[in-house]
Amino acid sequence: MAALIEQERYTCAIGALQTVVAIPRAVPILHSGPGCGTMIKGFFERSSGYAGGDTSPCTNFSEREVVFGGTDRLRSIIKNTYKVLDTDLQVVVTGCTAGIVGDDVASVTDEFLEEGKPIVHVETSGFKSNNYVSHSAVVNAIIDQYVSRFEAENPARSEKKLVNLFASVPYQDQFWKGNLKEYKRLLEGLGLQVNILFSAHSGGVKEWQTIPKANFNILVSPWYGEPIVKHLFQKYQQPWFQFHYLPIGGNETNRFLNAVLAFAKEQDAGLDEEKAQHFIKEEETAYYEELDNLATFLLEFRYGLPNHAHILHDAGYVAGLTRFLLHETGVIPKEQFIVDNVPEKYQNQIRADIQAASDKREIPVYFNPDAGAVQDQIRNLHHAGRGLILGSGWDKELAKEKEYDFLSIACPTPYRIVLTTNYIGYTGGLRLIEDIYNTALASYQ
Amino acid sequence: MSTVNLTIPEVEIREVRLGSVTGFQGTAKELVSACGGCSGKLKDKTRSFSQCLGCGTSNAACTLTLIQDAALISHGPVGCSSCLHEFAFTYRVNAHLRQIDHPTQRKIFSTNLEEKDTIYGGGKKLKETIDEVYKRVHPKAIFVITTCAAGIIGDDVESITNDAEAKLGIPVVAVFCEGFRSKMWTSGFDAGYHGIARKIIKPPVQKRKIINVINFWGTDVFREWFGEFGYEPNYITPFSTIDTLSHSSEAVLTVQACSSLGSYLGAALEQVYGVREIRNSPPYGIVQTDRWFRELGKILNQEETAEKLIQRKKEEYLPKIEALREKLRGKTAYVTAGASHGHSLLALLYELGMKPTGAAIFHHDPIYDNESSDSDTLLHTVSDYGDVENYNVCNKQEFELVNVLNRVRPDILLARHGGMTLWGAKLGIPSLLIGDEHFGMGYEGLVQYGERILETIENDEFVKNLSQHCANPYTDWWLQQEPYTFLGGNF
């Protein structure tokens, strides 16, 4: 695991409180020190949702709770949360203070559980892990402590066409809302019904209740989120289909949808394959019509466009973007930097996935959450032509130093507002092309 | 007894040092008189429902991250420095206000404490991090801010930093600001300033023609003002350097943009190095601005310069102020802000002919570190303009603010910390946050602020529309309760 980190690109375990915020009308209750909520809010920015940010209840550990324990205070805060806030699901997340002093949080939430309250608890002490990891812990806790209460009405694997999708760590993936909505549209185009579980386009807690009914699960991720689909396999015998990186643009979205289609067939989902293929074809045609129109610009623009790129992002984005840039824009991916602290056991597979993007060029990949060190490495790299950096707000300074184009696509970033933009799928690829080349064109003044 | 002791690593938190509180309900006058007789022992009240606060560690970072040539290490899990990138942005975008053409990248590190470190200790990691940071950045000083986890596991941060300082030959400063220690995030300011006072500021060699300004990153208004007296501002700490900070003991006096911010450092500079501190409230509103310039003139022995400046500025700005008063007279406003700056905003409102219908002020210091009742900023506001009804001390508890705003429905909400204006807007109340703490200062500031208030009240189409469509997570039950229902009860 990493030693020091300069310019962190993710946050600690309690950052997964944003996973709760992403569920409509759910509230995280922080059993933590007074600053944890502010730190998380400040990291993601514009991320309050329905009852996150300054709205979230918090026990605000003081010296007294550190010495005597904070369960009494937690009980009082939860009790009054029901009076003050109108919410559908309450998830108690814990900070370092509660973790180190060893508060028995379950004993408190159990009291409310007995009253039938939709309450869940999960340990997210900051030192335990990071938000990529604890996202899965939060989802699994909701499945075990909330979803499981509705199993009688939602028998396991009883809907052949229904799937659960796990594809984004909400807020950490800035494009989560748009991405989830686009996955839903694409998968529905194949004839599936899709639980996306997060954002206004999900059905909120009602949708969560139907998780067991799904025929299978889809995981779009190289590593994070894997504990969720493994857990669901054990709990409801749902098999899962995994796509290891983000499908961005025509080639990879085709590959993704065809692979899902094949998997659905194995699971007897009963899809109309002809209709599904027709959908894929139509999307693909529309996509390449745009690329066709654009190609002259890409090939002939005389005043300079980026010809190579470095990406600083998590493994799913780096792998997806690398393939996309190389094959669908002609921008050559040079050294790539994966900054989400990927556990070692996944690194070879990720490296292989990225290398498989090309059979003739080597794409060096570095894993390092110490993004400050990564920047120093990039400072010492030199390639001919105009460069492009895709990264977080921190990298804008680096891009300026190197006189590269810069597009902000990762956390944390004060330089870009993302609302419902998607980067996955056919439309996401087109949007990314617009963003990259509009950035380049904006340099001409 | 003095609250300043630079020989110990840790400054006491505000609750203990100043008797500060985070819960009070009443009027401004009641609070002032309660404090007058309480000798720093105003009884605080706890809440049986509370929302996320804010903690000392980010406020300590606020005083340290924007020093041009220092590096910052957060000794804790990676989350405890998550929001500090915001200071990097501030530094970059506001650098031009301090004549810095090429702002350098902020150097912010986390020791990234993990579970095994909470068992075996994080000291080794901290040592290695300090060495690596020195190698990577070659800063003029390294500040180490502490976190809850580091505090509870008991790492000896003071010894480690002292050893590193001896080894590296630059100041390596431990700043103790664990979140759980204080209910007042402003304790973090004190912690940062204590670190600067004990390890960066050097004893004076010769007086310089500089005046210390303890502030954030506001516009450079002091340069023009002090220029008339033949002095330059020495800004502390944003955009300072380790060198300029080290000489702040050689200034002729210290002024503050906000007494809640600079209380401790102002007192430390005066008590330890004899740098006088302006006792009067900061220059917000005509009455205070008059007093402030006069005190400035007196200390600098240039009373005539001060009088001329006051006269000239008044000739220029009083007619404009009068015109604004005509338009704003009788309009109501609600204020939510950090303590002393909130008192300043209330003065501004009165000066503009408006009526403050209440305030939610984040904490209250019954006295500041200079232990002088001449510096009581709330007392100044009350005695200059009269009482303020519904004056409540509320540490950013959104649920209370929503409840109050829903009742008082002022013509405008003035806020001074991020997140609070949203609730004004959701209720259809024009809401204004001015980020530049110097914006309302002086006679010209009163005009600027008044114009912004007027503009905000007039341009209410957005908030009116938003109020028709946005989500409200608060229950009807709650909105019908007294706003301070959960204050003072025993949980």
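In this text the structure is predicted, and so the values were computed from the model without any measurement. (Residues numbered from 1 in each chain as written. Chains lettered and ligands numbered in written order. Predicted model: local features only at pLDDT ≥ 70, side-chain atom pairs only at ≥ 80, totals over all residues.)

A few points about the overall build of chain A
Part 1 of the argument: Scanning chain A from N- to C-terminus turns up 17 helices and 14 strands.
Part 2 of the argument: Its C-alpha atoms give chain A a radius of gyration of 22 Å, within 12% of the compact-globule value 22 Å for 445 residues.
Part 3 of the argument: Here the C-alpha coordinates of chain A stretch approximately 70 × 50 × 40 Å along the principal axes.
Part 4 of the argument: Sorting the 445 residues of chain A into buried and exposed places 59% on the buried side.
Part 5 of the argument: Considering only contacts in chain A between residues 6 or more positions apart, those separated by 24 or more positions represent 74%. (Helix = DSSP H or I, 4+ residues; strand = E, 2+ residues; numbered from the N terminus. Rg over C-alpha atoms; globule rule 2.2 N^0.38 Å. Buried ≥ 20, exposed ≤ 12 C-beta atoms within 10 Å, placed from the backbone. Contact = placed C-beta atoms within 7 Å.)

A closer look at the packing of helix 11 (residues 249-266) of chain A against helix 12 (residues 273-300) of chain A
Residues and elements named next belong to chain A.
Part 1 of the argument: With their axes 10 Å apart at the nearest point, helix 11 and helix 12 run at an angle of 175 degrees to one another. Judged by the angle between their axes, helix 11 and helix 12 are roughly antiparallel. Each of Gly250, Asn254, Leu257 and Leu261 in helix 11 lies in contact with helix 12, whose residues at this interface are Glu273, Ala276, Ile280, Glu284, Tyr287 and Tyr288.
Part 2 of the argument: In terms of residue class, the contact of helix 11 with helix 12 is made up of 6 nonpolar, 2 polar and 2 charged. (Axes fitted to C-alpha atoms, helices over the stretch in contact; angles between N-to-C directions. Parallel < 35°, antiparallel > 145°, perpendicular 65-115°, else oblique. Nonpolar A, V, L, I, M, F, W, Y, C, P; charged D, E, K, R; others polar.)

Remarks on the domain arrangement of chain B
Residues and elements named next belong to chain B.
Part 1 of the argument: Considered domain by domain, chain B is made up of domain 1 (52-199), domain 2 (210-299) and domain 3 (303-480).
Part 2 of the argument: Counting from both sides, the interface comprises 22 residues of domain 1 and, opposite them, 16 residues of domain 2.
Part 3 of the argument: Counting residues per element, the ones that place at least two in the side of domain 1 that touches domain 2 are helix 3 (56-64), helix 4 (85-94) and helix 9 (187-199).
Part 4 of the argument: It is helix 9 that provides the largest number of residues to the side of domain 1 that touches domain 2, a total of 6 residues.
Part 5 of the argument: Among the residues making up the side of domain 1 that touches domain 2, the classes are represented as 12 nonpolar, 6 polar and 4 charged. (Domains from an automatic or database assignment.)

What to know about the interface of chain A and chain B
Part 1 of the argument: Between chain A and chain B, the residue contacts involve 58 residues of the former and 55 residues of the latter.
Part 2 of the argument: Of all the secondary structure elements, the ones that give two or more residues to the side of chain A that touches chain B are strand 1 (5-6), helix 2 (36-44), helix 3 (63-68), helix 4 (71-84), helix 5 (96-101) and helix 16 (394-402) of chain A.
Part 3 of the argument: Counted by class, the side of chain A that touches chain B contains 28 nonpolar, 20 polar and 10 charged residues.
Part 4 of the argument: In the sheet, strand 1 of chain A pairs with strand 3 (residues 108-110) of chain B via 2 bridges, with the strands oriented antiparallel. From the neighbouring strand, Ile5 of chain A faces strand 3 of chain B, where its bridge partner is Ser110 of chain B. (Pairing = 2+ DSSP bridges.)

A look at the pairing of strand 4 (residues 119-122) of chain A
Residue and element names in this part refer to chain A.
Part 1 of the argument: Of the two faces of strand 4, the one lined by Ile119 and His121 and the one lined by Val120 and Val122 are each fully buried.
Part 2 of the argument: Pairing between strand 3 (residues 89-94) and strand 4: 4 bridges, direction parallel. Bridge assignment links Val91 to a residue of strand 4, and that residue is Val120.

Some thoughts on the packing of helix 9 of chain B against helix 12 (residues 259-273) of chain B
All names here are of chain B.
Part 1 of the argument: Interhelical geometry of helix 9 versus helix 12 gives an angle of 25 degrees and a closest axis separation of 8 Å. When the axes of helix 9 and helix 12 are compared, the pair comes out roughly parallel. Regarding helix 9 and helix 12, the two cross each other, and that crossing is right-handed. The residues of helix 12 that touch helix 9, namely those facing Phe189, Asp190, Tyr193, His194 and Ala197, are Leu261, Tyr264, Leu265 and Ala268.
Part 2 of the argument: Considering only residue class, the contact of helix 9 with helix 12 consists of 7 nonpolar, 1 polar and 1 charged. (Left-handed = near helix turned anticlockwise from the far one by under 90°.)

A look at unusual backbone geometry
Part 1 of the argument: Pro412 of chain A follows Cys411 of chain A through a cis peptide bond whose omega is -10 degrees.
Part 2 of the argument: With respect to the element layout, Pro412 of chain A can be found in the loop between strand 14 (405-410) and helix 17 (425-442).
Part 3 of the argument: Of note, the amide linkage connecting Ile236 of chain B to Thr237 of chain B takes the cis form, showing an omega dihedral of 0 degrees.
Part 4 of the argument: By the secondary structure assignment, Thr237 of chain B is in the loop between strand 7 (232-236) and helix 11 (242-246).
Part 5 of the argument: A positive phi is found at His138 of chain B, a non-glycine position, where the angle reads about 50 degrees.
Part 6 of the argument: Along the chain, His138 of chain B turns up in the loop between helix 6 (123-137) and strand 4 (141-146).

A short note on the nonpolar core
Part 1 of the argument: Counting residues in hydrophobic clusters, the biggest one holds 282 residues, and the most contacted among them are Val91 and Ile142 of chain A together with Leu72, Ile142, Phe143, Val144 and Val175 of chain B.
Part 2 of the argument: Per element, the largest residue contribution to this core is 8 residues, and it comes from helix 7 (residues 131-145) of chain A.
Part 3 of the argument: Those residues in contact with Val175 of chain B, other than ones at most four positions away along the chain, are Ala60, Phe143, Val144, Ile145, Thr146, Ala191, Gly192 and Gly195 of chain B. (Core = buried A, V, L, I, M, F, W, Y, C linked by C-beta atoms within 7 Å.)

Description of the pairing of strand 3 of chain A
Residues and elements named next belong to chain A.
Part 1 of the argument: Taking burial as the measure, the 6 residues of strand 3 include 6 buried ones, the bulk of the element.
Part 2 of the argument: The alternating pattern of strand 3 places Leu89, Val91 and Val93 on one face and Gln90, Val92 and Thr94 on the opposite face, and all of these are buried.
Part 3 of the argument: Two strands pair when backbone bridges link them, and strand 2 (residues 26-31) and strand 3 are joined in this way by 6 bridges, in the parallel orientation. Residue pairing in the sheet places Ala26 in a bridge with Leu89 of strand 3.

Comments concerning the environment of Phe44 of chain A
All names here are of chain A.
Part 1 of the argument: Locating Phe44 in the fold gives a position in helix 2.
Part 2 of the argument: When the C-alpha positions of Phe44 and Leu85 are compared, they lie 23 Å apart, and in sequence the two are 41 residues distant.
Part 3 of the argument: Not counting residues up to four positions away in its chain, the partners in contact with Phe44 are Gln18, Tyr171 and Cys411.

Remarks on the domain arrangement of chain A
Frequently, the measure chosen for interface size is the accessible area that the parts lose on association.
All names here are of chain A.
Part 1 of the argument: For chain A, the domain assignment lists domain 1 (13-145), domain 2 (159-281) and domain 3 (288-442).
Part 2 of the argument: Computed from C-alpha atoms alone, the centre-to-centre distance between domain 1 and domain 3 is 35 Å.
Part 3 of the argument: Residue-level contacts link 6 residues of domain 1 with 6 residues of domain 3.
Part 4 of the argument: For the side of domain 1 that touches domain 3, the per-class residue count stands at 3 nonpolar, 1 polar and 2 charged.

Description of helix 11 of chain A
Residues lying three or four places apart along an α-helix face the same way, a consequence of the helix completing one turn every 3.6 residues.
All names here are of chain A.
Part 1 of the argument: For helix 11, spanning 18 residues, the distance from its first C-alpha to its last is 26 Å, which sits close to the expected 26 Å at 1.5 Å a residue.
Part 2 of the argument: Every buried residue belonging to helix 11 is among Gly249, Gly250, Glu252, Thr253, Phe256, Leu257, Val260, Leu261 and Ala264, and all of these are buried.
Part 3 of the argument: Buried residues belonging to helix 11 abut helix 8 (176-189), strand 7 (214-220), strand 8 (240-243), helix 12, helix 13 (315-328) and helix 17. (Expected span 1.5 Å × (residues − 1).)

Concerning the sheet that holds strand 2 (residues 70-75) of chain B
Part 1 of the argument: Read from one edge to the other, the open sheet built from 5 strands follows the order 1(A)-3(B)-2(B)-4(B)-5(B), with strand pairing classed as mixed. Across the chains shown, the open sheet's two edge strands, defined by having one partner strand only, are strand 1 of chain A together with strand 5 (172-175) of chain B.
Part 2 of the argument: As paired elements, strand 4 of chain B and strand 5 of chain B share 4 bridges and run parallel to each other. Residue pairing across strands places Val144 of chain B opposite Ala174 of chain B, the latter belonging to strand 5 of chain B.

A word on the sheet that holds strand 6 (residues 210-214) of chain B
All names here are of chain B.
Part 1 of the argument: Here 4 strands make up an open sheet; going across it, the order is 7-6-8-9 and the pairing parallel. The outermost strands of the open sheet, each flanked by one partner alone, are strand 7 and strand 9 (276-277).
Part 2 of the argument: Sheet analysis places strand 8 (residues 253-256) next to strand 9, joined by 2 bridges and oriented parallel. When the bridges of strand 9 are listed, Leu253 appears paired with Arg276.
Part 3 of the argument: Of the strands in this sheet, strand 6, strand 7, strand 8 and strand 9 are in contact with helix 12, which crosses strand 8 at around 170 degrees.

Topic: helix 8 (residues 157-168) of chain B
Part 1 of the argument: Its 12 residues place the ends of helix 8 of chain B 16 Å apart at the C-alpha level, agreeing with the 16 Å of an ideal helix rising 1.5 Å per residue.
Part 2 of the argument: The secondary structure elements touched by the buried residues of helix 8 of chain B are strand 2, helix 6, strand 4, helix 7 (148-153) and strand 5 of chain B.

So, the confidence of the model for chain B
Part 1 of the argument: On average, residues of chain B score 95 in pLDDT, and 98% of them are at 70 or above.
Part 2 of the argument: Across the predicted assembly, pTM comes out at 0.97 and ipTM at 0.97. (pLDDT = per-residue confidence, 0-100.)

Focus on the environment of Leu378 of chain B
Residues and elements named next belong to chain B.
Part 1 of the argument: Here Leu378 shows up in helix 16 (residues 377-385).
Part 2 of the argument: Look at Leu378 and you get buried, because 26 C-beta atoms sit within 10 Å.
Part 3 of the argument: In sequence terms Leu378 and Ser340 are 38 residues apart; their C-alpha atoms lie 7.2 Å from each other.
Part 4 of the argument: With sequence-adjacent residues up to four places away left out, Leu378 is seen in contact with Ala28, Leu31, Val32 and His343.

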